[in-house]
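Each chain is listed here by its residues.
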Amino acid sequence: MDKVIVENLKVKKGNVAILRGISLTIRTHEILAVIGPAGSGKTTFLRCLNRLIDLEPELKPEGRITLEGVKIYGEGTDVSFLRRRIGMVFAVPNPLPMSILDNLTLGLRIHGLGGSGPITLERVERSLKAAYLWEEVKDRLKESALKLSGGQQQRLCLARSIMVDPELLLLDEPCSGLDPISTAKIEEALQGLKREMSIVLVTNNVKQASRCSDRTAFLLMGDLVEINNTDQIFTNPQDGRTSDYVSGRFG
Amino acid sequence: MRKKITESVIEAIIHISASLAIVGLVLIFIFIGKEALHILTSSEVRQEAGLSRLFLPHSPEPGVPKEFAWQPVSDIPKYSLFPLMVGTLKVTLVALLFALPLALGAAIFSSEFAPSWLREIIKPSIELLAGIPSVVLGFFALMVMATAIQNALGLDYRLNAINAGIALGLAVIPIVFTVAEDALTAVPQSFREGSIALGATSWQTAWRVVLPAAFPGIFAACVLGFGRAIGETMIVLMSSGNAAIMSFLPTYPLRSLSATIAAELGEVVHGSPHYHVLFFIGTLLFIFTFILNLIGQLFVERLKDRLSGSRA
Amino acid sequence: MSRRWINLFTHLFTALTGMACALVILLVAIILGNIAYHGIPHLSWRFLTTAPSSGMTEGGIFPAIFGTAFLVLLMTIAVVPLGVCTAIYLQEYAPVKSKWVHLVRMAIQNLAGVPAIVFGLFGLGFFIEFVGRRVDQIFFSGQLYFGQPAIIWAALTMALLTLPTVVVSTEEALRVVPRSHREVAYALGATRWQMVWYVLLPQAIGGILTGTILAVSRGAGEVAPILFTGAAYYLPYLPSRLNQQFMELGYHVYVMATQSPDVDATKPILYSTVFVLLTLTFLLNFAAILIRSHIRRRLAAAR
């Protein structure tokens, strides 16, 4: 089943095209990896999906994106509610300078779902467990999130984004600065999470894509070169550029 | 839906708040200018204190020679602004002569020569000076400095332009120092390194490279200091003697434009020519400091442009 | 130029600028030393807690301390929300590089340069003669309640004067919050105001506090704006309503120093009053500096 349908998505910055007409679908309960060299528009693509692109007025997305059949760039779209349904984890861990608990409950408070009480604590525990962080922080929830290590911080950000039960989770090179153990924990967490939601994983690490995604899309210079099942992309790419990239010959 | 309403209400509040700075500035101009305008529009006021009375010499009675006199509460009120302008100019000049070399020298020393531990002493000291209320500086000039200066120089008048000017200079130093120091430290380190690499000494580097590069900022510092000196009230009011005499001698007392407002507005009859003249003086001060501030800002911006390379 | 001359100039230049620096610091030390030396002996608990008596030659300065506190409290209530909102507008709401923003910034900078005495004139011409009179006409059938010098008008005048301080401080605090923190909130579905409320303000609280304290310090020290808007030489009662006049420390100093019939008798009191005023403003400034350096250190640590 298709969760998100992207049709002919174009983004321009002035006269420079960043995305040149991307069309693909994101299925329910899958991990879609988006790979490609730096500057190929992966992050821009991701930021179009939850309309975070709105923060950059010089970027104008065109085309059509629907989430469960509803246009997300339509008139009267409730962007706040849209972003509640679509969680996001950024490339650099960005916990806010407040306690671990306050970081986690931020989304709940924003959406008026309460910020304390037993139900919230249950949610906190569930999210932290899903992000493989619970054991490490369960006794120090009131401590500053900035005291955590980089890998812990990124897992906290993952937990924070799933606190409001998103249907789609966007990850923008979430492991780019992390050690292998933290990376493994996050990848493990994603395998668990895809039972509840769809996941788009932007990564510049080809091996990561091959390890943990169901399908893979290859972007190059703003074009979608190829999208297919991950094993197909890695064992039997249809496009020469794809095979060059996944075999490490450029980028 | 409720979220949306809250959001737009808050947005409206924030927009209104932000415009209040502009509204405030405009209101200041309107409400001071309005009272001052009577000098031109009201025939009653004009007769006693028209523009020609304010700016040209005038003889109060037939036969008496023409003069510049500020005597607003005498039987025949005299409203010549000349003695006040001379006083303001005199005290401002002394203040700048005292403050500019000290403040600029201190700024150059702090940014170019001082080791960082010394800078940690200099900057808070100047912040301390900036934090002294002007009424305290006025008090100090009146009670302590005036006597000391009179004895040291053997002057006839205890309260005079030198005393008031130095006290006023103390209030000017922090602003000149801060703006100038900002300008100097904004000059990229690479400028200095380039000069030193060519064999220049630190003095030559400061004089030939850093100062010229920071010049717009230094100039802005002087202009802003000038504006501060012109408008400052309490110091001059307390330490200048407040005699509205036509004398350019710095050893004589003086009465400044700003101090005149402070001293006289409390007793003046609302709506009298005197009242309107005081507001007119306020308008002059407002316009003059406004222009000086604009010039200062312009040069600070020019410095930023220059150092960021968009207008080399 | 020969090497020797250059060396001489280098030393001369450094020495001259260094001397300028030393002289400024020396002057500050002399002023503070003099005031502390003459101001401390007369200081006592009684002095701080009793009212003046015998025509200001005896007694304390409690009403002036109370009036100053009342004044800056009212001022703070007015200026902090206004200044914070303005800063939020400039940093978060305003379209980048718009003419209007430029205008607001210019207005704030210019407001900071308007002479204090002009604010006094404005307070009289606008708040008292215009607003106050209207209020009296509308609510008190023309009877004199608000159309006269009063603490509320003095406080509002002072609020306008200190507005730039609060705006600049808050803006600086907002500016250092990294963009990624804003994106976290937006990505979770926060509206702009929610982002400001949940993410920016908690981080900017130190900057806002710094600005507030600096504004209070400034407001407690300025005299020119309150000369005609509400300060009184002597009042037999403490102000309890917004339309009453008030005694104030700086004004007290001014009047006692310039209009006292017996300067020698009031001199110890005068010095102690100056010392109290100075201590008050310095403590406030010091607190502001401490908070600011604390924030900067924390920020540096977080990066």
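Throughout what follows, the structure given in this document is the object of discussion.

Criteria and thresholds
- Residues numbered from 1 in each chain as written.
- Chains lettered and ligands numbered in written order.
- Predicted model: local features only at pLDDT ≥ 70, side-chain atom pairs only at ≥ 80, totals over all residues.
- Heavy atoms only, no water.
- Pairing = 2+ DSSP bridges.
- Helix = DSSP H or I, 4+ residues; strand = E, 2+ residues; numbered from the N terminus.
- Axes fitted to C-alpha atoms, helices over the stretch in contact; angles between N-to-C directions.
- Patch = residues over 30% accessible without salt bridge, like charges linked within 9 Å, V, L, I, M, F, W, Y side chains within 5 Å.
- Areas by Shrake-Rupley, 256 points an atom, 1.4 Å probe, with all protein chains shown as cover.
- Salt bridge = Lys/Arg side-chain N within 4 Å of Asp/Glu carboxyl O.
- Contact = heavy atoms within 4.5 Å.
- Buried area = accessible area lost by both parts, 1.4 Å probe.
- Polar contact = N/O pair within 3.5 Å; in protein donor to acceptor, adjacent residues only side chain to side chain.
- 1 Å grid on protein atoms, 1.4 Å probe; cavity = no way out; pocket = protein on both sides within 12 Å on 5 of 7 lines; lining within 4 Å.
- Points joined across faces, edges and corners; volume = space filled by probe spheres on them.
- Nonpolar A, V, L, I, M, F, W, Y, C, P; charged D, E, K, R; others polar.

## Examining the sheet that holds strand β7 (residues 168-172) of chain A
All names here are of chain A.
Reasoning step 1: Taken in spatial order, the 6 strands make up an open sheet running β6-β7-β8-β3-β9-β10, and their pairing is mixed. Bordering the open sheet on either side are β6 (86-89) and β10 (223-229), each of which pairs with just one other strand. Here the strands of the sheet are splayed against their neighbours by 15° on average, with no regard to which way each runs.
Reasoning step 2: As paired elements, strand β9 (residues 215-220) and β10 share 6 bridges and run antiparallel to each other.

## Looking at a nonpolar patch on the surface
Residues and elements named next belong to chain B.
Reasoning step 1: Taken together, the side chains of Phe29, Phe215, Phe219, Ile287, Ile291 and Ile295 make up a nonpolar region of the molecular surface, amounting to roughly 490 Å² of accessible area.
Reasoning step 2: Of all the secondary-structure elements, those providing two or more residues to the nonpolar patch are α9 (202-231) and α12 (273-308).
Reasoning step 3: Among the elements that line the nonpolar patch, the one with the most residues is α12, at 3 residues.

## Notes on the interface of chain B and chain C
Often, the extent of an interface is quoted as the loss of accessible area on bringing the components together.
Reasoning step 1: In this assembly, 78 residues from chain B lie in contact with 80 residues from chain C.
Reasoning step 2: Taking both sides of the interface into account, the surface hidden between chain B and chain C amounts to around 6,700 Å²; carbon and sulfur atoms contribute 81%.
Reasoning step 3: Together, Ile14, Phe139 and Trp203 of chain B form the three largest contributors to the area buried by chain B at its contact with chain C, with a combined 10%.
Reasoning step 4: Counting the contacts that link chain B with chain C gives 0 salt bridges.

## Structural notes on the interface of chain C and chain A
Reasoning step 1: With 16 residues of chain C at the interface, the matching set in chain A holds 24 residues.
Reasoning step 2: Of the roughly 1,700 Å² buried at the junction of chain C and chain A (both faces included), carbon and sulfur atoms supply 68%.
Reasoning step 3: Note that Glu183 of chain C is salt-bridged to Arg47 of chain A, the shortest N-O span being 2.6 Å.
Reasoning step 4: Run the count over chain C and chain A and you get 6 residue pairs in polar contact (both at pLDDT 80 or more).
Reasoning step 5: Every element with two or more residues in the side of chain C that touches chain A is listed here: α7 (179-187) and α8 (192-221) of chain C.
Reasoning step 6: Looking at the side of chain C that touches chain A element by element, the count peaks at 8 residues for α7 of chain C.

## So, the environment of Ser80 of chain B
Residues and elements named next belong to chain B.
Reasoning step 1: Its place among the elements puts Ser80 in the loop between β2 (78-79) and α4 (82-113).
Reasoning step 2: Expressed as a C-alpha distance, the spacing of Ser80 and Ala161, which sit 81 residues apart in the sequence, is 20 Å.
Reasoning step 3: Once residues within four sequence positions are removed from consideration, Ser80 is found in contact with Arg53, Leu54, Phe68, Ala69 and Trp70.
Reasoning step 4: One polar contact links the side chain of Ser80 to the main-chain amide nitrogen of Phe82, over a distance of 3.3 Å.

## Digging into empty space enclosed by the protein
Any empty space left between atoms is shown by rolling a water-sized probe over those atoms.
Reasoning step 1: Taken as a whole and judged by the stated rule, the model has 1 cavity of 30 Å³ or more.
Reasoning step 2: The calculated volume of the largest cavity comes to roughly 70 Å³.
Reasoning step 3: Going through the elements one at a time, β6 and α6 (150-162) of chain A together with α7 of chain C are the ones with two or more residues in the lining of the largest cavity.
Reasoning step 4: The class makeup of the residues in the lining of the largest cavity is 7 nonpolar, 2 polar and 1 charged.

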